[in-house]
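Architecture at a glance
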Amino acid sequence: MKRIDWNALDAGERAAVLQRPTQAVSETLREGVRAIFEAVATRGDDALRDFTTQFDGVRLEDFEVGAAECDAAAAQVTPEVQAAILEAAARIEAFHRAGIAQAYEVETAPGLLCQRVQRPIRRVGLYVPAGSAPLPSTALMLCIPARLAGCSEVILCTPPRADGSADPAVLLAARQAPGVRVFKLGGAQAIAAMALGSASVPRCDKLFGPGNAWVDEAKRQAAQRPGCLAIDMPAGPSEVLVIADAGANAAFVAADLLSQAEHGPDSQVLLLTDSPALLDAVATEVDAQLAALPRADIARRALEASRLVLVRDIAQAIAISDAYAPEHLILALRQPREWLPHVHNAGSIFLGDWTPEALGDYCSGSNHVLPTGGAARAWSGLSVASFQKAITVQEASRAGIASAGPCAATLAHAEGLQAHARAVELRLEQAA
């Protein structure tokens, strides 16, 4: 990891330090995703078969996971992993159930009632990555809030394994959404299938889930196509920013950095600290721990775009973090909660030495599908509300139109919209 003295840099150099690898997405990638969309739009399932052969190395005639494969999944997953899935699911459900938005109503004028009610999105498409590592935890993070929201149709895509099967742990986790339909499709072609629909895969109303740069770009392009399809958020390559003081545990910090670096070569990890000694200790720990990691080659490539940054003080570190808007922010500080009010931009925050980001990835209860690439400046992580839409309702009685109608008519005339005004004034005449 490259070492940086933040206060020795000019503005341009500082911007370069905070640039993510995926911010340099090539036109080749964009055109590649466009080509996938056009192929799926014109050739449907045949294009999906060709892309699956090309990218996943297996030729599939049927993409949907059948009942027999689902039933066999339990026998292929150890009891310990099955128990962990259920334990994590219980915490995730408890957290998300507590945050369900409630309908409300208010009488804004005598006889005028306004309401806001929640309705589930009918058909949602979930993407669960499984490229270099299957992610049953992501299936939990997506399926549980979809169920709590009441979505009537849940479509889940996950890449096939080399033998053409879906990962059995992902299938077990997907059961958290009863009736879920699972398809063995990965990458941008899975996003295109759920966005456009094909003979096999239903077209969805909103797409959810993280992925690599190809998946992230595919979701962006899906949202830009005609048809009003929505996406949850920009959720691309993983990232973590750690702010640590002199009292932080260097081994813990290094482990947190590597836990995100091993996600993929396009991940990014940053350490900001006001302690030169801690920076040196973390650098040593990263090298030592990296040598023992099975995914060391992947992590090492991610570390090429990662930084160890020396700052003036913790206040400056917080300001830099807010400018970067990380997906994950770890405050490895002596009084982390005192700094929490000063943080405005982050997907999820982890307070103190004993709260590794990996806890949130699996089983703390909060959702790990979070905005990346700086989107945390305006986007929130996944919740039950992400799977719902809110509809406002209003009802006026004769007294209600009499009390609020003159205001509406006056504003309509001010805007030059006489038909608007007349729709109100006709009722006011009858209500008099």
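What you are looking at is a predicted structure, and each value in this text was computed from that prediction instead of being measured.

Side note on the overall build of the chain
Of regular secondary structure, the chain possesses 17 helices and 14 strands. In terms of principal-axis extent, the alpha carbons of the chain reach across some 85 × 60 × 45 Å. Looking at the chain as a whole, 51% of its 432 residues qualify as buried. Carbon and sulfur atoms form 55% of the exposed surface of the chain, whose accessible area is close to 19400 Å².

A word on helix H10 (residues 250-261)
A rise of 1.5 Å per residue sets the reference length of H10, with its twelve residues, at 16 Å; its end C-alpha atoms lie 16 Å apart and thus fit the reference within 8%. Along H10, nine of the twelve residues are buried, which leaves the element largely enclosed by surrounding structure. Three or more residues of H10 are buried, namely Ala250, Val253, Ala254, Asp256, Leu257, Leu258, Ser259, Gln260 and Ala261. One side-chain oxygen of the residue at the start of H10 lies 2.9 Å from the amide nitrogen of alanine 251, identifying that residue as asparagine 249.

Re the environment of glutamine 102
With respect to the element layout, glutamine 102 can be found in the loop between helix H5 (79-98) and strand S2 (104-109). For the pair glutamine 102 and glutamine 118, spaced 16 residues apart in the sequence, the C-alpha separation amounts to 7.5 Å. A distance of 3.1 Å separates a polar atom in the side chain of glutamine 102 from the backbone oxygen of isoleucine 100.

Comments concerning the pairing of S2
The sheet contact formed by S2 and strand S3 (residues 112-120) spans five bridges and is antiparallel. Looking across to S3, one finds that valine 106 is bridged to cysteine 114. From the end of S2 to the start of S3, which pair antiparallel, there are two residues, and glycine 111 there has a positive phi angle of about 85°.

Thoughts on the pairing of strand S12 (residues 328-332)
With five of its five residues buried, S12 lies for the most part within the structure. Burial of S12 is two-sided: the residues His328, Ile330 and Ala332 facing one way and the residues Leu329 and Leu331 facing the other way are all buried. When strand S9 (residues 239-244) meets S12, the two strands line up parallel, connected through five bridges. Within S12, the residue paired with valine 242 across the bridge is isoleucine 330. Across four bridges, S12 lies against strand S13 (residues 348-351) in parallel orientation. Bridge pairing in S13 places leucine 329 opposite isoleucine 349.

Topic: the pattern of salt bridges
Scanning all chains against the criterion turns up 24 salt bridges. Between arginine 97 and glutamate 93 there is a salt bridge, with the nearest N and O atoms lying 2.6 Å from each other. Of the two residues, arginine 97 and glutamate 93 are both situated in helix H5; the distance of four residues between them amounts to about one turn of the helix. For arginine 97, a relative accessible area of 45% translates into the label partly exposed. The salt bridge partner of aspartate 353 is arginine 334, with a shortest N-O separation of 2.6 Å. Pair noted here: aspartate 353 is in the loop between S13 and helix H15 (357-362) and arginine 334 is in the loop between S12 and helix H14 (336-339), with a separation of 19 residues, a long-range link. Sharing partners across several salt bridges, the network here consists of Glu27, Arg30, Glu31 and Arg34.

Structural notes on the environment of leucine 9
Following the sequence through the fold, leucine 9 ends up in the loop between strand S1 (2-5) and helix H1 (11-17). In the structure, leucine 9 is positioned 130 residues away from alanine 139 in sequence and 42 Å away in space, judged by C-alpha atoms. Aside from chain neighbours lying at most four places away, what touches leucine 9 is Ile4, Arg14 and Val17.

So, the sheet that holds S1
A sheet is described by the order of its strands in space; here six strands give the open sequence S1-S11-S10-S9-S12-S13, paired in parallel fashion. With partners counted over all chains shown, the strands left at the sheet margins are S1 and S13, one partner each. Within the sheet, the average angular offset between the axes of one strand and its neighbour, ignoring direction, is 15°. Strand direction decides the pairing type here: strand S10 (residues 268-273) and strand S11 (residues 307-310), joined by four bridges, are parallel.

Side note on the packing of helix H16 (residues 398-414) against helix H17 (residues 418-431)
Contact geometry for H16 and H17: axes closest at 8 Å, N-to-C directions at 150°. When the axis of H16 is compared with that of H17, the two are roughly antiparallel. Every pair of crossing elements has a handedness; the one defined by H16 and H17 is left-handed. Contacts between H16 and H17 involve Arg398, Ile401, Ala402, Gly405, Pro406, Ala408, Ala409, Ala412 and His413 on the former and, on the latter, Gln418, His420, Ala421, Val424, Glu425, Arg427, Leu428, Gln430 and Ala431. Grouping the amino acids of the contact of H16 with H17 by side-chain chemistry returns ten nonpolar, five polar and three charged.

Quick word on helix H13 (residues 314-324)
Burial of H13 is extensive: eight of the eleven residues sit out of reach of the surface. Restricting attention to buried positions, one finds in H13 the residues Ile314, Gln316, Ala317, Ile318, Ile320, Ser321, Asp322 and Tyr324. If you follow the buried residues of H13, they end up packed against S9, S10, S12 and H14. The opening residue of H13, the one whose side-chain oxygen lies 3.4 Å from the backbone nitrogen of alanine 315, is aspartate 313. With its phi angle positive at about 55°, alanine 325 sits one or two positions after the end of H13.

Topic: the sheet that holds S3
An order of S2-S3-S14 is seen for the three strands of this open sheet, with the pairing classed as antiparallel. The outermost strands of the open sheet, each flanked by one partner alone, are S2 and strand S14 (388-396). Strand-to-strand twist in this sheet, taken as the mean axis angle between neighbours without regard to direction, amounts to 25°. The pairing of S3 with S14 spans nine bridges and is classified as antiparallel.

What counts as what
- Residues numbered from 1 in each chain as written.
- Predicted model: local features only at pLDDT ≥ 70, side-chain atom pairs only at ≥ 80, totals over all residues.
- Heavy atoms only, no water.
- Helix = DSSP H or I, 4+ residues; strand = E, 2+ residues; numbered from the N terminus.
- Buried < 20%, exposed > 50% of the residue type's maximum accessible area, 1.4 Å probe, protein only.
- Areas by Shrake-Rupley, 256 points an atom, 1.4 Å probe, with all protein chains shown as cover.
- Expected span 1.5 Å × (residues − 1).
- Polar contact = N/O pair within 3.5 Å; in protein donor to acceptor, adjacent residues only side chain to side chain.
- Pairing = 2+ DSSP bridges.
- Salt bridge = Lys/Arg side-chain N within 4 Å of Asp/Glu carboxyl O.
- Contact = heavy atoms within 4.5 Å.
- Axes fitted to C-alpha atoms, helices over the stretch in contact; angles between N-to-C directions.
- Parallel < 35°, antiparallel > 145°, perpendicular 65-115°, else oblique.
- Left-handed = near helix turned anticlockwise from the far one by under 90°.
- Nonpolar A, V, L, I, M, F, W, Y, C, P; charged D, E, K, R; others polar.

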